[in-house]
Amino acid sequence: MSVPRLAVWKFSSCDGCQLTLLDCEDELIELAGKVEIGYFLEATRRELPPPYDLSLVEGSVATSADLERIRRVREQSKYLVTIGACATAGGVQALRNLASLPEYQAVVYACPEYIDSLADSAPISAHVPVDLELRGCPIDKRQLLEVITAYLADRKPDIPAHSVCFECKLRGTTCVTVAHGTPCLGPVTHAGCGALCPAYGRGCYGCFGPMETPNTRAMLPLLRRDGMSDTNITRLYRTFNAEAPAFAAAARDAEEADG
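Quick caveat, the model's predicted, so the values are computed rather than measured.

Caption draft 1: Looking closely at the pattern of salt bridges. This structure, assessed with the given rule, holds 11 salt bridges. When the shortest N-O distance is used, the salt bridge between Asp-131 and Arg-74 registers 3.2 Å. A residue pair is termed long-range when its members are at least 10 positions apart, and Asp-131 in the loop between helix H5 (101-108) and strand S5 (132-134) and Arg-74 in helix H3 (residues 64-76) qualify at 57 residues. Of the residues examined, Arg-74 reaches a relative accessible area of 16% and is grouped as buried. A salt bridge links Arg-238 to Glu-255; its shortest N-O distance comes to 3.0 Å. Here Arg-238, found in helix H11 (residues 230-238), pairs with Glu-255, found in helix H12 (residues 245-258); they are 17 residues apart in sequence, far enough to count as distant. Judged by relative accessible area, Arg-238 falls into the buried class, the value being 13%. The structure contains a network of salt bridges with shared partners spanning Arg-5, Glu-36 and Arg-46.

Right, dumping it as structure tokens:
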């Protein structure tokens, strides 16, 4: 039988999610004989021709070249999994969608007429069908390994859809909001990080994006009660997942309330 072929692709992003895969180290050694790297420029210059059994895609679609290439990647891949906030929700760079792109370009670039950029920074799913979205900025190593091994075993990946609050309870972490009045997006944020920030006394800031059924509107008065201004609430919801519908709606509500 042929060895499954894995490809890892970078679009508009910082490479952090690809580095999460490289950081797996010992686990990758166990996978070495079970999967063949077809394309992964972060790790090797060697390229193998398509098709690919599993493609992991990091980054958003932000340029015309991105748009052309993601369509080609989709055609060449049996399964396509997006990894990280950029690929699943447009990422930090999607903040540009909230203002005029020409204005941004004029401020940042000396010769903006040479910049080839789409009007929006969009998640991969806005342009091609996606088989699974893996959240986070960056993604969690355990979830990434679960996805790879699940597809190698031809089964559905076991990725939770519950909130960070559930993870706090699993690890026995005291609720930072109840105990200290710390603003926290844990109740509306997708699990996967292991409740890392609350474990160190910090409120969750939503880098894994919205959970499956978030009530972000109900969070607004709670965040205000805990000392956040509407301006800061808007920034909190937009930081990593500006294009995620539930977070985008909450940011708009806070912005409108702020006047």
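Moving on from the coordinates now.
Caption draft 2: Local environment of the packing of aromatic side chains. With the rule as written, the count across this model stands at five aromatic pairs. Chaining the aromatic ring pairs together yields one cluster made of Trp-9, Tyr-39 and Tyr-52. One residue, Arg-69, lies across the ring of Phe-11, its end atom 4.0 Å from the ring centre.

Caption draft 3: Highlighting the pairing of strand S1 (residues 5-10). With five of six residues buried, S1 lies mostly within the body of the structure. Where S1 meets strand S2 (residues 36-39), three bridges bridge the pair, whose relative direction is parallel. Along S2, the bridge assignment pairs Ala-7 with Tyr-39. Inspection of the sheet shows S1 paired to strand S3 (residues 52-58) by five bridges, in the parallel sense.

Caption draft 4: Local environment of a nonpolar patch on the surface. Residues Val-107, Val-108, Tyr-109 and Ile-115 make up a contiguous nonpolar surface patch of roughly 390 Å² in combined accessible area. Secondary-structure assignment places Val-108 in helix H5.

Caption draft 5: Fine view of a negative patch on the surface. Together, Asp-23, Glu-25, Asp-26 and Glu-30 give the surface a local cluster of negative charge. With a relative accessible area of 48%, Asp-23 lands in the partly exposed category.

Caption draft 6: Focus on the sheet that holds strand S4 (residues 77-83). If you trace the five strands from one edge of the open sheet to the other, you get S2-S1-S3-S4-S5, paired in parallel fashion. The outermost strands of the open sheet, each flanked by one partner alone, are S2 and S5. With strand direction ignored, the average angle separating the axes of adjacent strands in the sheet is 25 degrees. Across the sheet, H3 is in contact with S1, S3 and S4; its angle to S4 comes to roughly 130 degrees. Those strands touched by helix H6 (residues 141-152) are S3, S4 and S5, and its axis lies near 155 degrees from that of S5.

Caption draft 7: Structural context of the environment of Arg-238. Along the chain, Arg-238 and Arg-252 lie 14 residues apart, while their C-alpha atoms are 9.6 Å from each other. Not counting the four nearest positions on each side in its chain, Arg-238 is found in contact with Leu-95, Leu-98, Ala-251, Arg-252 and Glu-255.

Caption draft 8: Summary view of the pairing of S4. Among the seven residues in S4, five count as buried, and that is most of the element. Note: S3 against S4, six bridges, orientation parallel. By the bridge assignment for S4, Val-57 is matched with Thr-82. Each parallel crossover has a hand, and the one from S3 via H3 to S4 is right-handed.

Caption draft 9: Looking closely at unusual backbone geometry. Note the cis peptide between Pro-50 and Pro-51, where omega equals 10 degrees. Mapped onto the secondary structure, Pro-51 falls in the loop between S2 and S3. Here Cys-137 and Pro-138 are connected by a cis peptide whose omega angle stands at 0 degrees. Relative to the elements of secondary structure, Pro-138 occurs in the loop between S5 and H6. Backbone geometry at Asp-15 places phi at a positive 80 degrees, although glycine is not the residue there.

Caption draft 10: Quick look at the side chain of Asp-226. By the secondary structure assignment, Asp-226 is in the loop between helix H10 (216-225) and H11. Assessed through its relative accessible area of 18%, Asp-226 is described here as buried. If near-sequence neighbours (up to four positions away) are discounted, Asp-226 is found in contact with Thr-177, Gly-181, Thr-182 and Pro-183.

Caption draft 11: Molecular detail of the packing of H10 against H11. Where H10 meets H11, the axes come as close as 10 Å, and the angle between the chain directions of the two elements is 135 degrees. Put simply, H10 runs oblique to H11. H10 and H11 meet at a crossing whose hand is right-handed. In this structure, H10 contributes Thr-216, Met-219, Leu-220, Leu-223 and Arg-224 to the contact, and H11 contributes Asp-230, Ile-233 and Tyr-237. Partitioning the contact of H10 with H11 into residue classes produces five nonpolar, one polar and two charged.

Basis of the calculations
Sequence order sets the numbering: in each chain, residues are counted from 1 along the sequence as written. Totals for whole chains, interfaces and linings use all residues, but because this is a predicted model, local features are given only for residues with pLDDT of at least 70 and pairs of side-chain atoms are given and counted only at 80 or more. Excluded from the side-chain calculation are hydrogens and water; included are all heavy atoms of the structure. A side-chain nitrogen of Lys or Arg and a carboxyl oxygen of Asp or Glu constitute a salt bridge if their distance falls within 4 Å. Secondary structure counts use DSSP, requiring at least four H or I residues in a row for a helix and at least two E residues in a row for a strand, with both numbered from the N terminus. Classification of residues uses two cut-offs on accessible area relative to the type maximum, computed with a 1.4 Å probe and protein chains only: under 20% is buried, over 50% is exposed, and between them is partly exposed. Put simply, two rings from Phe, Tyr or Trp (the six-membered ring, in Trp's case) pair if the centres are within 6.5 Å, and we call them stacked under 30 degrees between planes, edge-to-face over 60, tilted for the rest. A ring has a charge above it when a Lys NZ or an Arg CZ is no more than 6 Å from the ring centre and no more than 35 degrees off the ring normal. Between any two strands, at least two bridges found by DSSP are needed for them to pair. Patch membership is restricted to residues that have no salt bridge and whose relative accessible area is over 30%. Joining uses 9 Å for like charges and 5 Å for the nonpolar side chains Val, Leu, Ile, Met, Phe, Trp and Tyr. The Shrake-Rupley method, run with a 1.4 Å probe sphere, supplies the accessible areas, and residue values consider only the shown protein chains as cover. Two residue types count as positive, namely Lys and Arg, and two as negative, namely Asp and Glu; His and chain ends fall outside the count. We put the charge of a Lys on NZ, of an Arg on CZ, of an Asp on CG and of a Glu on CD. Fitted lines through C-alpha atoms give the axes, limited to the stretch in contact for helices. The angle between two N-to-C directions lies from 0 to 180 degrees. Contacts were defined at the residue level, with two residues in contact if any of their heavy atoms lie within 4.5 Å. A right-handed crossover is one whose linking path, passing over the helix from the first strand to the second, runs clockwise when the strands point away from the viewer. Here is the rule for angles: anything less than 35 degrees is roughly parallel, anything more than 145 is roughly antiparallel, 65 through 115 is roughly perpendicular, and the remaining ranges are oblique. Helix crossings fall into two classes, left-handed where the near helix is turned counterclockwise from the far one by less than a right angle and right-handed where it is turned clockwise. Residue polarity is assigned by list, with Asp, Glu, Lys and Arg as charged and Ala, Val, Leu, Ile, Met, Phe, Trp, Tyr, Cys and Pro as nonpolar; anything else, Gly included, falls into the polar class.

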